[in-house]
Amino acid sequence: MASPFVAAIALLCALMAGCSSKPIDPTSTWSPNKIYAEAKDELNNGGYEKAIPLFEKLEGRAAGTPLAQQAQLDKAYAQYKGNEQAQAIATLDRFIKLHPASPALDYALYLKGIVNFNDNLGLFGAISRQDLAERDQKAAKESFESFRELVTRFPDSKYTPDARLRMTYTVNSLAQSEVHVARYYYSRGAYIAAINRAQTAISDYRDVPALEEATYIIYKSYDALGMTQLRDDARRVLEKTYPQSEFTTKGFRSADNPWYKFW
């Protein structure tokens, strides 16, 4: 049996081994400015996973200072670039709630709109060639709301012109989403449902490209139903409102020529 002295030494060695295995924080002696510089370097070089915890450390070390606010915004951007959209939105919502008078509030609203805007586009959209309007429009609506708050509260912000353009694009996408559903109903022979959905798009939106196809769907649906007077009325509206419409000569657009392909 080991003596009490030997047992005590063994216990002390075990405790020391446990202490030595504890990870050492290399930033413990860094100044807030050094942490920020290192975090920005990682961010600028695409090291988003390394940048995020550095910004989080800076938030704690520089709490209550403009540098901490900047760290929070940079963290949100790093999360966005690192495909952590939900975390980026949560970070921005926290910033907006905690700093309603911040001079960077316009940027926070703009970045929140951008995160949702690009989430709506989808990571593999260009590869799959999926119509943007065929996707869940929740992100598009949230993006629009962020941009609308920005342009309403900060009309002179340097981010406002771009936000206005993205709002226009988003409205087009939302309208086209309704038209996509109407086209789906039409393709399945559900002509009454197609008419109702197309009319919803026309009543809810103004001056967007999708309404041309909505009118065409109404015309085609009435034609398929044999309702000639309503068909002819819809045709007259289509020709008067869209005198150069290609729908009357070429029909529905193909997948290679979607409504949003303007670049």
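Refer to the structure printed above.
Residues numbered from 1 in each chain as written. Predicted model: local features only at pLDDT ≥ 70, side-chain atom pairs only at ≥ 80, totals over all residues. Heavy atoms only, no water.

Novice: Mind showing me how you'd approach the side chain of Asn116 here?
Specialist: Within the secondary structure layout, Asn116 lies in helix H6 (residues 105-121). For Asn116, a relative accessible area of 6% puts it in the buried group. Leave out the neighbours within four places in its chain, and Asn116 touches Ile89, Ala139, Glu142 and Ser143. (Helix = DSSP H or I, 4+ residues; strand = E, 2+ residues; numbered from the N terminus. Buried < 20%, exposed > 50% of the residue type's maximum accessible area, 1.4 Å probe, protein only. Contact = heavy atoms within 4.5 Å.)

Novice: Would you mind going over the packing of aromatic side chains with me for this structure?
Specialist: Centre distance and the angle of the planes are the two values used to describe a pair of aromatic rings. For the coordinates displayed, the defined rule picks out twelve aromatic pairs. Each residue in the set Tyr186, Tyr191, Tyr216, Tyr219, Phe247 and Phe252 is aromatic and connected to the rest through ring pairs, giving one cluster. Lying over the aromatic face of Trp30, Lys34 brings its terminal NZ or CZ to 4.7 Å of the ring centre. Directly above the aromatic system of Phe117 lies the positively charged group of Arg166, at a separation of 4.9 Å from the ring centroid. (Phe/Tyr/Trp six-rings, centres within 6.5 Å; stacked < 30°, edge-to-face > 60°. Lys NZ or Arg CZ within 6 Å of the ring centre and 35° of its normal.)

Novice: What exactly am I supposed to notice about the packing of helix H2 (residues 32-44) against helix H3 (residues 48-61) here?
Specialist: Packed helices, taken two at a time, are described by their axes: the angle between them and the distance between them. Interhelical geometry of H2 versus H3 gives an angle of 160° and a closest axis separation of 8 Å. Taken together, H2 and H3 sit at an angle that is classed as roughly antiparallel. At the point where H2 passes H3, the crossing takes the left-handed sense. On H3, the residues touching Pro32, Ile35, Tyr36, Glu38, Ala39, Lys40, Glu42 and Leu43 of H2 are Tyr48, Lys50, Ala51, Leu54, Phe55, Leu58 and Arg61. (Axes fitted to C-alpha atoms, helices over the stretch in contact; angles between N-to-C directions. Parallel < 35°, antiparallel > 145°, perpendicular 65-115°, else oblique. Left-handed = near helix turned anticlockwise from the far one by under 90°.)

Novice: Sorry if this is basic, but what is going on with helix H9 (residues 160-187) here?
Specialist: Side chains that are three or four residues apart share a direction in an α-helix, a result of its 3.6 residues per turn. Here H9 contains 28 residues, and its C-alpha end-to-end distance of 40 Å stays within 8% of the 40 Å for a straight helix at 1.5 Å per residue. Gly189 occupies a position one or two residues after H9 and carries a positive phi of about 80°. (Expected span 1.5 Å × (residues − 1).)

Novice: Would you take a moment to explain the nonpolar core for this structure?
Specialist: For soluble globular proteins, nonpolar side chains are generally found buried alongside one another. Residues Leu92, Tyr110, Val115 and Phe147 are the most contacted members of the largest nonpolar core, which totals 25 residues. Looking at this core, the elements with two or more residues in it are helix H4 (66-81), helix H5 (85-98), H6, helix H8 (138-153) and H9. In terms of residue count, H6 provides more of this core than any other element does, eight residues in total. Not counting residues within four places of it along the chain, the set of residues in contact with Phe147 comprises Tyr110, Gly113, Ile114, Phe117, Ala163, Arg166 and Met167. Core analysis: the second largest hydrophobic core is formed by 23 residues, Tyr186, Ala198, Ala214 and Tyr219 among them. (Core = buried A, V, L, I, M, F, W, Y, C linked by side-chain atoms within 4.5 Å.)

Novice: Can you walk me through the pattern of salt bridges in this structure?
Specialist: Once their charged atoms are close, side chains differing in charge can pair, the charge on each being opposite to the other. The final tally for this structure, using the stated rule, is 17 salt bridges. Between Glu239 and Arg235 there is a salt bridge whose closest N-O contact spans 2.7 Å. Remark: Arg235 and Glu239 occur in helix H12 (residues 228-241); sequence separation between them is four residues, near one turn of the helix. Residue Glu239 is classed as partly exposed on the basis of its relative accessible area of 38%. (Salt bridge = Lys/Arg side-chain N within 4 Å of Asp/Glu carboxyl O.)

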